[in-house]
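In case you want the letters, here they are:
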Amino acid sequence: MLDSQEKNEFIQIIGKDRYLDRPEELACYAYDAFLIESAPDAVIFPQTTREVSEILKTASKFKIPVTGRGAGTSVCGAPIPINHGIVLCFSKMDEIIDVNTRDRYIIVQPGVVNADVQKALAPFGFFYPPDPGSMNTSTIGGNIAMNAGGPRCLKYGVTMDYVLGMEVVLASGEIVKFGSKNVKDVTGYKLSSLFCGSEGTLGIITRAILKVVPMPETVKTLMTTFNDLDNTAKAVTDIIGSGIIPVAMELMDKLTLNAIEDVANLGLDRNAAGSLIIEIDGNKEACNKEIKKIIETLKKNGAIHIQEAASDTEREKLWTARRSAYGVFAKLAPDIISEDVTVPVSKVPQMIRKIIEITDKYSLKVGILAHAGDGNMHPMIPADRKNKKEWQKVEKAFSEIFQAAVELDGTLSGEHGIGLAKSAYLPLVMNKDSIKLMKKIKQAIDPDLILNPGKFV
Ligand SMILES: Cc1cc2nc3c(=O)[nH]c(=O)nc-3n(C[C@H](O)[C@H](O)[C@H](O)COP(=O)(O)OP(=O)(O)OC[C@H]3O[C@@H](n4cnc5c(N)ncnc54)[C@H](O)[C@@H]3O)c2cc1C
């Protein structure tokens, strides 16, 4: 609970209308798409950078924890105010400030939704490549803070590759700016990269300059199915090994296909053991050549059905199916735990076998969904956390899945981040001195540790 002096000082900055502290209001900011809930003492909706700065000065003065919040779609507990304090919600800082396709950038406030960036660019024939499955809801501030990826990051890279510059408010209230509007800029430390993936623990992002790219001449999308999940995974490594980097290569297993079909009725093959959505882009001639080579590789790996989307509507239907995968799993059990381990692409078949072996051992159901072309796997276990016995098995299974990924030269997270979900596992992939270095950086920038405390640092 904030005392009356603390509350009054915040209200003086933003007014009563943009300050919430009734329990029923706070409950709406206590969760994300992970499993833990913890309500803040107050929620504040800033409208300007100056307000954010004043709020942080006040929070520093009283040592009140501050947690930034975009759309709350994180799946690792990153925006949960585990130590309470205030949540800064950016839904009122959602302005697209400048679209400049000639110089290839767009400037936005942190609360702009990813899909709105795409909509603003489309009339100019440009797009912003990072496309998390949550793109219709998640915000640019959240995407930067989590260094979000998405299907087409296989070819185009992740959020960090598109942040040219940023304005950030530090815990002290100082407003810092780094980077520029230039696609080439090697002036000083690349501080924008430090803030990408920092999960709101180093500063509050109030503005971003993002690089945008022209839309390709041609896009081709294939859906293919297999009788065998191992062959599905092998096809992925063979396509990448043949020198083709598709825009996206998404793998779904039988459980996932059926969960989608139950809800969306899209005509997906319920009997297939595995399927891939493969998308390529570029000029027409190059695309035709690549598609031919991809189809040959798919056939060599025993694909039973290969279908190219004949229109934009058909293509959109496939992507809607893929994007709905996480949501439709919610029908299978009270809780869904979706993980994010990543391995080098040549080890995707081994990792999938390992996930099946481990979940079988604990008699757990698993759905395998993967941005397979970059080895980023989302095993999803439907379970009930009120069932203690089952829950223990889920925890053991995930711990073994993390261990298996690391043994295959993989890592804990390809895009979902660490948050509350995986901080205990950091020593699996970072040695003591690396963790110490992260702590030193945190201490230097946020000495009172008020920014998103309780998270991975
Ligand atoms: C259905 C579904 C599909 C998903 N698919 C993907 C995917 O394909 N790829 C992927 O990478 N992720 C995916 N995610 C996870 C999630 O959508 C991303 O992590 C996303 O970037 C979070 O954005 P958000 O606006 O919801 O941020 P929030 O969840 O609100 O916050 C995330 C983190 O950002 C911090 N933050 C928010 N705004 C600011 C700010 N202005 N300044 C500083 N810190 C800030 C918060 O404190 C928190 O630590 C998916 C989630 C769901 C539910």
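This one's a predicted model, so the numbers in the text were calculated from it and none came from an experiment.

## Details of the environment of Gly133
Moving on, step 1. Inspection of the secondary structure puts Gly133 in the loop between strand E7 (126-127) and helix H5 (140-146).
Moving on, step 2. For the pair Gly133 and Ile336, spaced 203 residues apart in sequence, the C-alpha separation works out to 16 Å.
Moving on, step 3. In this view, Gly133 contacts Gly150, Arg323 and Tyr326; residues no more than four positions away in its chain are not counted.

## Remarks on helix H13 (residues 348-361)
Moving on, step 1. Taking 1.5 Å per residue as the helical rise, H13 with its 14 residues ought to reach 20 Å, and the 20 Å between its terminal C-alpha atoms agrees with that figure.
Moving on, step 2. Every buried residue of H13 is listed here: Val348, Pro349, Met351, Ile352, Lys354, Ile355, Ile358 and Thr359.
Moving on, step 3. Close packing links the buried residues of H13 with helix H8 (229-241), strand E17 (367-371), strand E18 (376-383) and helix H14 (388-407).
Moving on, step 4. Of the residues trailing H13, Ser363 is marked for its positive phi of about 50°.

## Looking at the nonpolar core
Moving on, step 1. Counting residues in each nonpolar core, the largest one holds 120 residues, and the members touching the most others are Leu88, Ala208, Leu210 and Val236.
Moving on, step 2. When residues of this core are sorted by domain, at least three fall in each of domain 1 (96-214) and domain 2 (218-261 + 268-322).

## Here's the deal with the packing of H13 against H14
A pair of packed helices can be characterised by two numbers: the angle between their axes and the separation between those axes.
Moving on, step 1. At a minimum axis distance of 10 Å, the contact between H13 and H14 shows a crossing angle of 155°. Comparing their axes, H14 and H13 come out roughly antiparallel. The way H13 lies across H14 gives a crossing that is right-handed. Only Ala397, Glu400, Ile401, Ala404 and Ala405 of H14 make contact with H13, whose side of the interface consists of Met351, Lys354, Ile355, Ile358 and Thr359.
Moving on, step 2. Grouping the amino acids of the contact of H13 with H14 by side-chain chemistry returns seven nonpolar, one polar and two charged.

## Quick look at the sheet that holds strand E2 (residues 42-44)
Moving on, step 1. Spatially, E1-E2-E4-E3 is the arrangement adopted by the four strands of the open sheet, whose pairing is mixed. The open sheet terminates on both sides in strands that have one partner only, identified here as strand E1 (19-20) and strand E3 (66-69).
Moving on, step 2. As defined by bridge partners, E1 adjoins E2 across two bridges and the pair is classed as antiparallel. The residue of E2 that forms the bridge with Leu20 is Val43.
Moving on, step 3. Each of E1 and E2 touches helix H1 (residues 4-14); the most contacted strand, E2, lies at about 15° to it.
Moving on, step 4. Along the sheet, helix H3 (residues 49-62) contacts E2, E3 and strand E4 (86-89); its crossing angle with E4, the most-contacted strand, is approximately 170°.

## Section: the domain arrangement of the protein
Moving on, step 1. The assigned domain composition of the protein is domain 1 (96-214) and domain 2 (218-261 + 268-322).
Moving on, step 2. Opposite the four residues of domain 1 that make contact, domain 2 presents six residues.
Moving on, step 3. Residue composition of the side of domain 1 that touches domain 2, by class: two nonpolar, no polar and two charged.

## Focus on the sheet that holds strand E13 (residues 248-253)
Moving on, step 1. Ordered in space as E15-E12-E14-E13-E17-E18-E16, the seven strands form an open sheet in which the pairing is antiparallel. Edge positions in the sheet fall to strand E15 (303-308) and strand E16 (335-338), since each of these pairs with one other strand and no more. Averaged over all pairs of adjacent strands, the angle between their axes in this sheet comes to 15°, without regard to strand direction.
Moving on, step 2. One ladder, built from four bridges, connects E16 with E18; its direction is antiparallel. In the strand pairing of E18, Asp335 is matched with Ala383.
Moving on, step 3. Of the strands in this sheet, strand E12 (218-226), strand E14 (274-282) and E15 are in contact with helix H10 (residues 284-300), which crosses E14 at around 160°.
Moving on, step 4. Across the sheet, H14 touches E16 and E18, and the angle it forms with E18 is around 170°.

The rules behind each value
- Residues numbered from 1 in each chain as written.
- Predicted model: local features only at pLDDT ≥ 70, side-chain atom pairs only at ≥ 80, totals over all residues.
- Helix = DSSP H or I, 4+ residues; strand = E, 2+ residues; numbered from the N terminus.
- Contact = placed C-beta atoms within 7 Å.
- Expected span 1.5 Å × (residues − 1).
- Buried ≥ 20, exposed ≤ 12 C-beta atoms within 10 Å, placed from the backbone.
- Core = buried A, V, L, I, M, F, W, Y, C linked by C-beta atoms within 7 Å.
- Domains from an automatic or database assignment.
- Axes fitted to C-alpha atoms, helices over the stretch in contact; angles between N-to-C directions.
- Parallel < 35°, antiparallel > 145°, perpendicular 65-115°, else oblique.
- Left-handed = near helix turned anticlockwise from the far one by under 90°.
- Nonpolar A, V, L, I, M, F, W, Y, C, P; charged D, E, K, R; others polar.
- Pairing = 2+ DSSP bridges.

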